[in-house]
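# Survey of secondary and tertiary structure
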Amino acid sequence: MIGSSLLSGNISVISILNLIAGAMIISLFMTQISILCFPVGINSIGIRSSTYQMFHWHHTIAWHDIQQVKSQNIIGLRHLIASDSKNHQIYVPLYLSKQRQFEQELKDLSGDSNPLAKAL
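Residues numbered from 1 in each chain as written. Predicted model: local features only at pLDDT ≥ 70, side-chain atom pairs only at ≥ 80, totals over all residues. Heavy atoms only, no water.

### Quick word on helix H3 (residues 99-110)
Here H3 spans 16 Å end to end across 12 residues, near enough to the 16 Å set by a 1.5 Å rise per residue. In the segment just after H3, Gly111 is the residue with positive phi, at about 95°. (Helix = DSSP H or I, 4+ residues; strand = E, 2+ residues; numbered from the N terminus. Expected span 1.5 Å × (residues − 1).)

Have a look at this one:
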């Protein structure tokens, strides 16, 4: 039905709403997968996360090694990407259920002058 509507040039409102609803469901599913598969942890040493690299399943960047932080939206969800001098990257999600608590703990552990703490 949707395919024939698109081919004929007639796109109905219901077709568009179905596409939007489907995209929202897929993005929610992918968000849950990313949270389960790529968790982020912080401790007194630095920030640790699973990575997308084939042979390094977990990577830690020490607080003092964080050199650059940039912001990026992935499927409409804001992330900070922290990287070190070796270009290791850790994606930090900014949509956690306890976001304020996470941010406060990160600032306490890293210090207020840390680039990641400043980016929050």
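On we go.
### Here we look at the pairing of strand E5 (residues 77-83)
Counting buried residues in E5 gives five out of seven residues, a clear majority hidden from the surface. Bridging between strand E4 (residues 68-74) and E5 involves seven bridges; their strand directions are antiparallel. The residue of E5 that forms the bridge with Gln68 is Ser83. Counted along the chain from E4 to the antiparallel partner E5, the turn is two residues long, and its residue Ile75 has a positive phi close to 55°. By the bridge criterion, five bridges tie E5 to strand E6 (residues 89-93) in an arrangement that is antiparallel. Paired with Ile81 across the strands is Tyr91, a residue of E6. Counted along the chain from E5 to the antiparallel partner E6, the turn is five residues long, and its residue Asn87 has a positive phi close to 65°. (Buried < 20%, exposed > 50% of the residue type's maximum accessible area, 1.4 Å probe, protein only. Pairing = 2+ DSSP bridges.)

### What about the sheet that holds E6?
Hydrogen bonds along the backbone pair up the strands of a sheet, which may run parallel or antiparallel. Spatially, E4-E5-E6 is the arrangement adopted by the three strands of the open sheet, whose pairing is antiparallel. Where the open sheet ends on each side, the last strands, each with one partner, are E4 and E6. Taking the axes of each pair of neighbouring strands and ignoring which way they run, one obtains an average angle of 30° across the sheet. (Axes fitted to C-alpha atoms, helices over the stretch in contact; angles between N-to-C directions.)

### Focus on unusual backbone geometry
Positioned with a positive phi, Asn87 is a non-glycine residue whose angle comes to about 65°. Mapped onto the secondary structure, Asn87 falls in the loop between E5 and E6.

### Regarding the environment of Ala119
Along the chain, the position of Ala119 falls in helix H4 (residues 115-119). Placed 50 residues apart in sequence, Ala119 and Val69 show a C-alpha to C-alpha distance of 7.0 Å. Not counting chain neighbours up to four residues away, the residues in contact with Ala119 comprise Val69, Arg78 and Leu80. (Contact = heavy atoms within 4.5 Å.)

### What about a nonpolar patch on the surface?
A cluster of nonpolar residues, Ile11, Val13, Ile16, Leu17, Ile20 and Met24, forms a patch on the protein surface that exposes about 580 Å² of accessible area. Along the chain, the position of Ile20 falls in helix H2 (residues 13-37). On the accessibility criterion, Ile20 (43% relative accessible area) is partly exposed. (Patch = residues over 30% accessible without salt bridge, like charges linked within 9 Å, V, L, I, M, F, W, Y side chains within 5 Å. Areas by Shrake-Rupley, 256 points an atom, 1.4 Å probe, with all protein chains shown as cover. Salt bridge = Lys/Arg side-chain N within 4 Å of Asp/Glu carboxyl O.)

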